[in-house]
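# Close look at the chain arrangement
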Amino acid sequence: MHFTDHMQQVFGAADRADVDAPVVHRHDDFELASEEDLAQFEVETDSEGHHYGTRKPHAA
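Residues numbered from 1 in each chain as written. Predicted model: local features only at pLDDT ≥ 70, side-chain atom pairs only at ≥ 80, totals over all residues. Heavy atoms only, no water.

## Notes on the overall build of the chain
Just so we agree on the cut-off: A run of H or I in DSSP becomes a helix once it reaches four residues, and a run of E becomes a strand once it reaches two; helices and strands are each numbered from the N terminus. Each radius of gyration reported is based on C-alpha atoms, and the globular scaling rule is 2.2 Å times the count of residues to the power 0.38. Type-normalised accessible area, obtained with a 1.4 Å probe on protein chains alone, sets the label of each residue: buried when under 20%, exposed when over 50%, and partly exposed for intermediate values. Using a 1.4 Å probe, the Shrake-Rupley method yields the accessible areas, and only the shown protein chains count as cover for residues. In summary, the charge assignment counts Lys and Arg as positive and Asp and Glu as negative, without counting His or the chain termini. Here the site of a charge means atom NZ of a Lys, CZ of an Arg, CG of an Asp or CD of a Glu.
Tallying secondary structure elements over the chain gives two helices and two strands in all. The secondary structure elements of the chain, listed N-terminal to C-terminal, are α-α-β-β. Here the C-alpha atoms of the chain give a radius of gyration of 22 Å, more than 25% beyond the 10 Å that 2.2 N^0.38 yields for 60 residues. Dimensions along the principal axes, computed over C-alpha positions, put the chain at roughly 65 × 30 × 25 Å. Burial status across the chain gives 2% buried among its 60 residues. As displayed, the chain has an accessible area near 6200 Å², and 55% of this comes from carbon and sulfur atoms. For the chain, the distance from the average site of its 4 positive side-chain charges to the average site of its 14 negative ones is 3 Å.

## A look at the pairing of strand 2 (residues 51-55)
Note the cut-off: For two strands to pair, DSSP has to find at least two bridges joining them.
Of all five residues making up strand 2, only zero are buried, and the element is barely covered by its neighbours. Bridging between strand 1 (residues 41-45) and strand 2 involves five bridges; their strand directions are antiparallel. Across the sheet, the residue bridging to Val43 is Gly53, located in strand 2. The hairpin turn running from strand 1 into strand 2, its antiparallel successor, is five residues long, and Gly49 in that turn takes a positive phi close to 90 degrees.

## Focus: the environment of Glu42
As for its placement among the helices and strands, Glu42 is situated in strand 1. Glu42 gets classed as partly exposed once you look at its relative accessible area, which sits at 34%. Here the alpha-carbon distance between Glu42 and Ala13, two residues 29 residues apart in the chain, equals 45 Å.

## Remarks on the confidence of the model for the chain
A low pLDDT means the predicted coordinates there should not be read in detail. Using the following cut-off: Values of pLDDT, the confidence the predictor places in each residue, fall between 0 and 100.
When pLDDT is averaged along the chain, the result is 86; 95% of the residues meet or exceed 70. When mean pLDDT is taken per element in the chain, strand 1 scores highest with 94 and helix 1 (residues 3-11) scores lowest with 86.

Structure below.
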């Protein structure tokens, strides 16, 4: 017996969604908070091509 056959017997067949259906993306509170936090950073690239984030300067 193959591993996948055993797993199917234990857990049942995998649910398969309609591959042509559009993906629904829901914005929850956690995601909105993350986007607000990430909006405070800029992506910088150094002379060697390394990317890193720096905080944006606060407008005075």
